[in-house]
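In case you want the letters, here they are:
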Amino acid sequence: NAGVTQTPKFRVLKTGQSMTLLCAQDMNHEYMYWYRQDPGMGLRLIHYSVGEGTTAKGEVPDGYNVSRLKKQNFLLGLESAAPSQTSVYFCASRGWNTEAFFGQGTRLTVV
Amino acid sequence: KQEVTQIPAALSVPEGENLVLNCSFTDSAIYNLQWFRQDPGKGLTSLLLIQSSQREQTSGRLNASLDKSSGRSTLYIAASQPGDSATYLCASLSGSARQLTFGSGTQLTVLP
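Quick caveat: nothing in here was measured; it's all calculated off a predicted structure. Once a new chain begins, its residue numbering starts again from 1 and follows that chain's sequence as written. Chains carry letters from A onward and ligands carry numbers from 1 onward, assigned in written order. Predicted model: local features are reported for residues with pLDDT of at least 70 only, side-chain atom pairs are reported and counted for 80 or more only, and whole-chain, interface and lining totals are derived from all residues. The basis for every side-chain value is the complete set of non-hydrogen atoms in the structure, without hydrogens or water.

Regarding the overall build of chain A
Put simply, DSSP H or I for four residues or longer makes a helix, DSSP E for two residues or longer makes a strand, and each gets a number counted from the N terminus. A tally of helices and strands in chain A yields zero helices and 11 strands. N-terminal to C-terminal, the α/β element order of chain A is β-β-β-β-β-β-β-β-β-β-β. The globule rule is 2.2 Å times the number of residues to the power 0.38, and the radius of gyration it is compared with is taken over C-alpha atoms. In terms of C-alpha radius of gyration, chain A reaches 13 Å, essentially the compact-globule figure of 13 Å for 111 residues. Principal axes of the C-alpha set define a box for chain A whose edges measure 40 × 25 × 25 Å. Evaluated residue by residue, chain A yields a buried proportion of 49% over its 111 residues. Contacts were defined at the residue level, with two residues in contact if any of their heavy atoms lie within 4.5 Å. Long-range contacts, defined as pairs at least 24 residues apart, comprise 53% of the intrachain contacts of chain A with a sequence gap of at least 6. Between buried and exposed lies partly exposed: a residue is buried under 20% and exposed over 50% of the maximum accessible area for its type, with that area taken using a 1.4 Å probe on protein chains only.

Now the structure itself:
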């Protein structure tokens, strides 16, 4: 009964390094999302996907790239990390008109 | 662009009180509205989902209502307990891209 799983849970990066965050869901959901959550800013949508092989930009896409090569996985990449990308990142998935489920989050610090 | 507002930002009540959390949205053409709970340092846990055709949903001590015409939803918590202390967020599903738009949340503290 895994639901939505995010990997890793914590990470510290140096400025300029790259990394990939993995989101995996086992509910056969079409829609997947990446959000970032910052104090006082709420949840902001970075990128989303409406199905395998499709991605689209959200509210704050700059500095991030995504890929959805398999329906169950949605990857978020940071090519050159900046301190402004220090945040908690959440992945979510949902069906056509069903509940959205969230992962437990990835706490990323860029120094 | 959909905007979702939650008032108040913070609420403190004594144990046992019934309380209401508010959520308003600017675009009434929503597919559904969902309420979540977030504990400190944790992810979001889904509480209730109300489809656009529904007026309310209930789960245990929680009751959520939806009034699309006025752009409002409320989450009613009966007989509050200290374990209910958390941040409560609402999110609307709307638009051609079916995006989830979140409010900034209400931080609830239930005092023993």
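Structural notes on the pairing of strand E3 (residues 19–25) of chain B
All names here are of chain B. Taking every second residue as pointing to the same face, the buried face of E3 carries Leu19, Leu21, Cys23 and Phe25, while none of Val20, Asn22 and Ser24 on the other face is buried. Alignment of strand E1 (residues 4–7) against E3, held across four bridges, turns out to be antiparallel. By the bridge assignment, valine 4 is partnered in E3 with phenylalanine 25. Two strands make a pair as long as DSSP finds a minimum of two bridges between them.

So, the packing of aromatic side chains
Between 30 and 60 degrees the pair is tilted, below 30 it is stacked and above 60 it is edge-to-face, where a pair is any two Phe, Tyr or Trp rings, Trp via its six-membered ring, whose centres lie within 6.5 Å. Evaluation of the coordinates by the stated rule reveals 10 aromatic pairs over all chains. Geometrically, the ring pair formed by phenylalanine 102 of chain A and phenylalanine 102 of chain B is edge-to-face, given 5.7 Å between the ring centres and 80° between the ring planes. Taken together, the residues span two chains, with phenylalanine 102 of chain A in strand E10 (residues 100–102) and phenylalanine 102 of chain B in strand E10 (residues 99–102). Assigned by exposure class, phenylalanine 102 of chain A and phenylalanine 102 of chain B land together as buried. With centroids separated by 5.6 Å and ring planes inclined at 40°, the aromatic side chains of phenylalanine 36 of chain B and phenylalanine 102 of chain B adopt a geometry described as tilted.

Brief notes about the sheet that holds strand E8 (residues 73–78) of chain A
Residues and elements named next belong to chain A. Sheet architecture is open: four strands sit in the order E1-E3-E8-E7, paired in antiparallel fashion. Two strands in the sheet have a free side with no partner beyond their single neighbour: strand E1 (4–7) and strand E7 (64–67). Across the sheet, the mean angle separating the axes of adjacent strands is 20° when strand polarity is ignored. Sheet analysis places E7 next to E8, joined by four bridges and oriented antiparallel. Within the sheet, the bridge partner assigned to asparagine 65 lies in E8 and is glycine 77. Helix axes use the C-alpha atoms of the stretch in contact, all axes being lines fitted to C-alpha atoms, and the angles between their N-to-C directions lie in the range 0 to 180 degrees.

A few points about the pairing of E8 of chain A
Residue and element names in this part refer to chain A. Inspection of the sheet shows strand E3 (residues 19–25) paired to E8 by six bridges, in the antiparallel sense. Paired with methionine 19 across the bridge in E8 is leucine 78. Count of turn residues in the E7/E8 antiparallel hairpin: five residues.

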